[in-house]
Amino acid sequence: MALRPLPRILSNGSAQLARSRDLARTAADSATDVLHPLITVTRGLRRLASAGRRRWAETPKDKRGPLLFMVASVVLVVALVPYGPLLAVITLMAASAWHGRDHAAPPPEGPDESQTQRLQSLYEALVPYFSAAEDPAPLYAHGGEWEKAFIAHEFDDAGRIGQLVIRYPAYFPDGEPEARARIEYLLTAKSGRGREYHFAWDEEGNLLTVTVLAPLPTDIAAQRFVTAPGETVLGFTDPTEVQRTLPLAYGEEHRDVPPVVWRTGARSTEPHLLVMGRPGSGTSTLLRSIALQALQYGDVLVVEGGGTGEYACLSGRAGVLAVECGLAGALASLEWAAHETERRLIAVNRARQTGHPPPDDCRRPLWILLDRPSPFLHLASADGHKDPQALLQIPLRHGRAANVTVVVAEHLDSADALSEAVRQHTRARVVLGPALPDELAAALGAPPHTTPLAQVPAGRGYARLGHGPVLRLQVPATPDPYDDATSDVYREAVLSLLPPRSEELEAVPVEAAVAEG
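Residues numbered from 1 in each chain as written. Predicted model: local features only at pLDDT ≥ 70, side-chain atom pairs only at ≥ 80, totals over all residues. Heavy atoms only, no water.

*Asks:* Whenever I open this one, the overall build of the protein chain confuses me. Can you help?
*Replies:* Helix and strand content of the protein chain: 17 helices and 16 strands. Buried positions account for 41% of the 517 residues belonging to the protein chain. The contacts of the protein chain with a sequence gap of at least 6 include a subset with a gap of at least 24, amounting to 65%. Accessible surface for the protein chain amounts to roughly 29,300 Å². Of this, 57% is attributable to carbon and sulfur atoms. (Helix = DSSP H or I, 4+ residues; strand = E, 2+ residues; numbered from the N terminus. Buried < 20%, exposed > 50% of the residue type's maximum accessible area, 1.4 Å probe, protein only. Contact = heavy atoms within 4.5 Å. Areas by Shrake-Rupley, 256 points an atom, 1.4 Å probe, with all protein chains shown as cover.)

*Asks:* Explain the environment of Pro-481 here, please?
*Replies:* With respect to the helices, strands and loops of the structure, Pro-481 is situated in the loop between strand E16 (471-474) and helix H15 (488-497). For Pro-481, a relative accessible area of 3% corresponds to the buried category. With 13 residues separating them along the chain, Pro-481 and Val-494 place their C-alpha atoms 6.5 Å apart. Once you skip the residues sitting within four places of it in the chain, Pro-481 turns out to touch Cys-313, Arg-491, Val-494 and Leu-495.

*Asks:* Looking at this structure, how should I read the packing of helix H6 (residues 113-126) against helix H7 (residues 177-191)?
*Replies:* Each pair of packed helices can be described by the angle between their axes along with the distance between the axes. The geometry of H6 relative to H7 is characterised by a closest axis approach of 11 Å and an angle of 155 degrees between their N-to-C directions. Taken together, the axis directions place H6 and H7 in an arrangement best described as roughly antiparallel. Helix-helix and strand crossings are classified by hand; for H6 and H7 the assignment is right-handed. On H7, the residues touching Arg-118, Leu-122, Ala-125 and Leu-126 of H6 are Ile-183, Leu-186, Leu-187, Lys-190 and Ser-191. Partitioned by chemical class, the residues of the contact of H6 with H7 number six nonpolar, one polar and two charged. (Axes fitted to C-alpha atoms, helices over the stretch in contact; angles between N-to-C directions. Parallel < 35°, antiparallel > 145°, perpendicular 65-115°, else oblique. Left-handed = near helix turned anticlockwise from the far one by under 90°. Nonpolar A, V, L, I, M, F, W, Y, C, P; charged D, E, K, R; others polar.)

*Asks:* How do you make sense of the pairing of strand E8 (residues 259-263) when you look at a structure like this?
*Replies:* Looking along a regular strand, one sees side chains alternate from face to face of the sheet. Where burial is concerned, most of E8 is hidden: four out of the five residues are buried. The pairing of strand E5 (residues 231-236) with E8 spans five bridges and is classified as antiparallel. Among the inter-strand pairings, Glu-231 is bridged to a residue of E8, identified as Arg-263. (Pairing = 2+ DSSP bridges.)

*Asks:* Looking at this structure, I do not really get the pattern of salt bridges. What am I missing?
*Replies:* Close approach of charged atoms allows side chains of opposite charge to pair. Going through the model one piece at a time under the given rule, you end up with 17 salt bridges. Arg-195 serves as the salt-bridge partner of Asp-156, at 3.3 Å between the closest nitrogen and oxygen. Placement of Asp-156 in the loop between strand E1 (150-155) and strand E2 (161-167) and of Arg-195 in the loop between H7 and strand E3 (196-202) is noted, with a sequence separation of 39 residues between them. Accessibility expressed as a relative area gives 11% for Arg-195, which makes it buried. Glu-410 is the salt-bridge partner of Arg-372, the closest N and O atoms lying 3.9 Å from each other. Taken as a pair, Arg-372 in the loop between strand E12 (366-371) and helix H11 (374-383) and Glu-410 in strand E13 (residues 404-411) lie far apart in primary sequence, 38 residues in all. (Salt bridge = Lys/Arg side-chain N within 4 Å of Asp/Glu carboxyl O.)

*Asks:* Even after reading the chapter, I still don't get the sheet that holds E1, so can you show me in this structure?
*Replies:* Strand order in the open sheet made by the four strands is E1-E2-E4-E3, with antiparallel pairing throughout. Either end of the sheet is taken by a strand with one partner, and the two such strands are E1 and E3. Going across the sheet, the axis of each strand differs from the next one's by a mean of 10 degrees, ignoring polarity. In terms of strand pairing, E2 meets strand E4 (residues 207-213) through five bridges, oriented antiparallel. Counterpart to Val-165 in the pairing with E4 is Thr-209. Sheet strands touched by H6: E1 and E2. Its angle to E1, the strand with the most contacts, is close to 135 degrees.

*Asks:* What exactly am I supposed to notice about the environment of Leu-126 here?
*Replies:* For Leu-126, the position within the fold is in helix H6. In sequence terms Leu-126 and Ala-141 are 15 residues apart; their C-alpha atoms lie 9.1 Å from each other. Sequence-distant contacts of Leu-126, defined by excluding residues within four places in its chain, comprise Tyr-140, Phe-150, Ile-166, Ile-183, Leu-186 and Leu-187.

*Asks:* Got a minute to help me understand a nonpolar patch on the surface in this structure?
*Replies:* A cluster of nonpolar side chains, Leu-45, Val-89, Leu-92 and Met-93, forms an exposed patch at the surface whose accessible area comes to about 300 Å². Tallying contributions element by element places helix H5 (residues 84-100) first for the nonpolar patch, with three residues. Note that Met-93 resides in helix H5. (Patch = residues over 30% accessible without salt bridge, like charges linked within 9 Å, V, L, I, M, F, W, Y side chains within 5 Å.)

*Asks:* Can you walk me through the environment of Ala-328 in this structure?
*Replies:* As for its placement among the helices and strands, Ala-328 is situated in helix H9 (residues 327-354). The class for Ala-328 is exposed, based on a relative accessible area of 62%. Considered as a pair, Ala-328 and His-385 are 57 residues apart in the sequence and their alpha carbons are 9.4 Å apart.

*Asks:* Mind showing me how you'd approach H5 here?
*Replies:* Residue pairs three or four apart in sequence face the same way in an α-helix, which turns once every 3.6 residues. In a regular helix each residue adds 1.5 Å, so 17 residues correspond to 24 Å; H5 covers 24 Å between its end C-alpha atoms and thus fits that length. Packed against the buried residues of H5 are helix H3 (36-58) and helix H4 (64-80). (Expected span 1.5 Å × (residues − 1).)

*Asks:* How do you make sense of the nonpolar core when you look at a structure like this?
*Replies:* The nonpolar side chains of a soluble globular protein tend to be buried, and buried together. Grouped together as the largest cluster of nonpolar side chains are 36 residues, with contacts concentrated most on Met-276, Ile-368, Leu-392, Val-408, Val-422 and Val-431. Among the elements that take part in this core, H9 stands out by supplying six residues, more than any other. Residues within four places of Val-431 in sequence aside, it is in contact with Met-276, Leu-412, Leu-440, Ala-443, Leu-444, Gly-461 and Tyr-462. Among the nonpolar cores identified, the runner-up in size contains 34 residues, and Trp-367, Ala-463, Leu-471 and Val-475 belong to it. (Core = buried A, V, L, I, M, F, W, Y, C linked by side-chain atoms within 4.5 Å.)

*Asks:* Would you explain the packing of aromatic side chains in this entry?
*Replies:* Centre-to-centre distance and the angle between the planes together describe a pair of aromatic rings. In this structure the tally under the stated criterion is twelve aromatic pairs. Seen in terms of ring centroids, Phe-130 and Tyr-168 are 5.8 Å apart; in terms of plane orientation they differ by 25 degrees. Their pairing is stacked. In this pair, Phe-130 is assigned in the loop between H6 and E1 and Tyr-168 in the loop between E2 and H7, connecting sequence segments 38 residues apart. The pair formed by Phe-130 and Tyr-168 is uniform in burial state, with each residue classed as buried. Aromatic side chains Phe-130 and Phe-172 sit 4.8 Å apart centroid to centroid with 90 degrees between the ring planes, which places their arrangement in the edge-to-face category. Remark: Phe-172 occurs in the loop between E2 and H7 and Phe-130 occurs in the loop between H6 and E1; sequence separation between them is 42 residues. Taking the relative accessible area as the measure of exposure, Phe-130 reaches 1% and is therefore buried. (Phe/Tyr/Trp six-rings, centres within 6.5 Å; stacked < 30°, edge-to-face > 60°.)

*Asks:* What exactly am I supposed to notice about the side chain of Asp-371 here?
*Replies:* Within the secondary structure, Asp-371 is located in strand E12. The side chain of Asp-371 is buried and forms no salt bridge, while Arg-372, the nearest opposite charge, is found at 5.8 Å. A polar side-chain atom of Asp-371 sits 3.0 Å from a polar atom in the side chain of Ser-284. In contact with Asp-371, not counting residues within four places along its chain, are Ser-284, Leu-287, Val-303, Glu-304, Gly-305, Gly-306, Tyr-311 and Ala-409. (Lys, Arg positive; Asp, Glu negative; His and termini not counted. Polar contact = N/O pair within 3.5 Å; in protein donor to acceptor, adjacent residues only side chain to side chain.)

*Asks:* Any chance you could explain the side chain of Thr-264 here in plain terms?
*Replies:* Inspection of the secondary structure assignment puts Thr-264 in the loop between E8 and strand E9 (273-277). Taking relative accessible area as the criterion, Thr-264 reaches 15% and is therefore assigned buried.

Structure follows, in structure tokens:
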């Protein structure tokens, strides 16, 4: 039997019903606002009537007669007094309005019993660290009052501490990192694990402010960021740490998110970047994000030491000079990059001497992305070749003047394999994934002021540009679009940012192009 289509009124009836419900809800809200005084008076009359019935029920039977006589006398007096009925009605309406109003319970002042117990427990835990036997009037003592030590406190909806301002004695060695670390570890354990805390030490005022940080968004996909030439978005951080926001697309919505912007070029103070992390932490994701942003204004040379094909999506694209995974291709590409840096330096110097602007081929940025150089070191030492990192000395030292930027990514376990030139000239640092406090301090040059997470999502870590502060960082999701595990949303986002394929690069082998350079 052939299926007959539903009538039109049934096919689109759901939309009409939804629209009708919205109209009815809007009309009900408007009527409630208009009739609110009448509703209040009616509610008051009902409450007064209930109070009168209760009063009559509680009155003994032998006293009900005098009570009725007294009420009748009052009604008679009111009726005989000039304007008495009118005043009685006004008084009744006022009493009804007063008794019919909404009785909102006043908010409780101060912490409740469970919150007080939590604060007292935290206070007792700090006593061994903030007390001394020779103190005549100790601020911290067993059985003392926590109200004197905790100036301000806030709790979240779950009843855990959201913010806490702690006063500590002046003799506490707050300038020693070890002493601070003990207090921070204790506060993290007592306030609730699984969250990130920010510790602000006021050494002049002897105050410690503990703030629970909101988790950084992990659903930001790769997209075109509103940046100027020479600016690269490494990721996103807390709104209190930077003074700039970027409009980002979340599907059909748009939000303003604070970015971590790394500036490169001739006027940059941190012209090169070092990215470190453990396997699966998102270092390759960050390099792909940087490559997609760099291809908008410059050329990119990718050298991958892991040999996993993480950058196969860039092969043959316009602006991508080469994507090398082998030792021979890596050596040839990096040697060409060193000669190209020298050529640019000579061309720029000659142009300045003659008073002309630099040539166009020298002003276009050149990016060298080296992912995991440690495997090349072992292969080069076994075959008797030069370490590929030695070819980066010229781009690292003179890359800023030649408009050449170097980005190196390496695992934390292989940090010893990095050359001295890479360590010295990469003053912009990023550490992704789980890391020990000593590893973070050694890689970034300073410890972060926040506690690390036990379960770190991919692309999550810290960034420090030069001698600036250590910032929390969340890298935008830029997975390999050719990976089967990549979702369709992220795959389409990455593919939409890739430049078109270049026929010339496909026709000419990479070794021949490097040899010609």
